[in-house]
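A look at the structure
The primary structure of each chain is shown beneath.
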Amino acid sequence: MNNLLSKIRRGMPVYDQSQKQVGVVEYVQLGEEDPLKPRKRVATEYGTSSGEWLLEGENTTDVFAPDDLPDLLRERLLLYGFVRLDAPGLVNADRYVLPNQIHAVEGHEVILKVSKEELIQRP
C-alpha cells in the first residue's frame, strides 16, 4: 500500500465512492514496509526513523496536533500510513484516510472506495 500512498501529493482533490469531493490532501505519511513486523520507532527532529515523511519539516507531534486521537488509533495510522484531508467548509471536520480505503490514484486525483462517513474524523 505504500506504493499507492507514494503517488499522493499535497493539494490533490479526494473523491469518495460516489464521486463526490470530500477534501484535499493536506498530508501524507507512508507506513511500515511490513506492518506485521513493525520496527521500533525512534523519534527524530524530522519525524520517525521507521516512517517516510513526504512533507518535510513536520513531525509526529505536528501532524496530529491539536488532535486528541487515542494512542491505539495514532499507532495504527503510523503503522499502516495515512492521508490527512482538509475538508471543505468551516463545519466539516478534516479526515484521515487509511491505505485500504483508497481505490486508485488517477492523474492528479485520489479516488476512495468508501464514503466520507467511513473515514476517521479528526477530533
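If you're wondering where the values come from, they're calculated on a predicted model, not measured in any experiment.

Let's shift gears to the environment of R95. Topologically, R95 is positioned in strand β6 (residues 95-97). Look at R95 and you get buried, because its relative accessible area is 10%. Separated by 72 residues in the primary sequence, R95 and G23 place their C-alpha atoms 8.4 Å from one another. With sequence-adjacent residues up to four places away left out, R95 is seen in contact with V83, R84, L85, K116, L119, I120, Q121 and R122. Here Q121 takes part through its side chain, which lies 3.5 Å from a polar atom of the side chain of R95.

This paragraph deals with the pairing of strand β8 (residues 109-112). In terms of strand pairing, strand β1 (residues 13-15) meets β8 through two bridges, oriented parallel. What sits directly across from V14, in β8, is V110. Count of turn residues in the strand β7 (residues 102-106)/β8 antiparallel hairpin: two residues, of which G107 carries a positive phi of about 60°.

This next bit is on the side chain of D94. Mapped onto the elements, D94 comes out in the loop between β5 (81-86) and β6. In contact with D94, other than residues within four places in its own chain, are E26, L85, D86, A87, I120, Q121 and R122.

This part takes up the pattern of salt bridges. For the structure shown, the criterion picks out one salt bridge. Across the pair E26 and R84 runs a salt bridge whose closest N-O atoms are separated by 2.9 Å. On the criterion of sequence distance, the pair formed by E26 in strand β2 (residues 21-30) and R84 in strand β5 is long-range, its members being 58 residues apart.

One non-glycine residue, Q19, adopts positive backbone phi at about 65°. Looking at the secondary structure, you find Q19 in the loop between β1 and β2. Judged by relative accessible area, which is 62%, Q19 ranks as exposed.

This paragraph deals with the packing of aromatic side chains. Two numbers describe a pair of aromatic rings. These are the distance of the centres and the angle of the planes. For the coordinates displayed, the defined rule picks out two aromatic pairs. Centroid distance F82 to Y96: 5.5 Å. Interplanar angle 80°. Geometry classified as edge-to-face. Of the two residues, F82 sits in strand β5 while Y96 sits in strand β6, which places them 14 residues apart along the sequence. An aromatic cluster is present here, built from Y27, F82 and Y96 joined pairwise through their rings.

Within a regular strand, the side chains alternate between the two sheet faces. Relative to β8, β7 runs antiparallel, the two being bridged by four bridges. Its bridge partner lying in β8, A104 is registered against I111.

Within the element layout of this structure, S115 appears in the loop between β8 and β9 (120-121). Relative accessible area serves as the criterion here: at 14%, S115 is assigned to the buried category. Not counting residues up to four positions away in its chain, the partners in contact with S115 are D16 and Q17.

For the rest of this paragraph, the subject is the nonpolar core. Counting 18 residues, the largest nonpolar core has I8, V25, V83, I102, V110 and L112 as its most contacted members. Mapped onto this core, the elements with two or more residues apiece are α1 (2-5), β2, β5, β7 and β8. The element contributing the most residues to this core is β2, with four residues. Judged by nonpolar contacts, the second largest core, of nine residues, contains L73, L77, L78 and Y96.

Rules used in this analysis
- Residues numbered from 1 in each chain as written.
- Predicted model: local features only at pLDDT ≥ 70, side-chain atom pairs only at ≥ 80, totals over all residues.
- Heavy atoms only, no water.
- Helix = DSSP H or I, 4+ residues; strand = E, 2+ residues; numbered from the N terminus.
- Buried < 20%, exposed > 50% of the residue type's maximum accessible area, 1.4 Å probe, protein only.
- Contact = heavy atoms within 4.5 Å.
- Polar contact = N/O pair within 3.5 Å; in protein donor to acceptor, adjacent residues only side chain to side chain.
- Pairing = 2+ DSSP bridges.
- Salt bridge = Lys/Arg side-chain N within 4 Å of Asp/Glu carboxyl O.
- Phe/Tyr/Trp six-rings, centres within 6.5 Å; stacked < 30°, edge-to-face > 60°.
- Core = buried A, V, L, I, M, F, W, Y, C linked by side-chain atoms within 4.5 Å.

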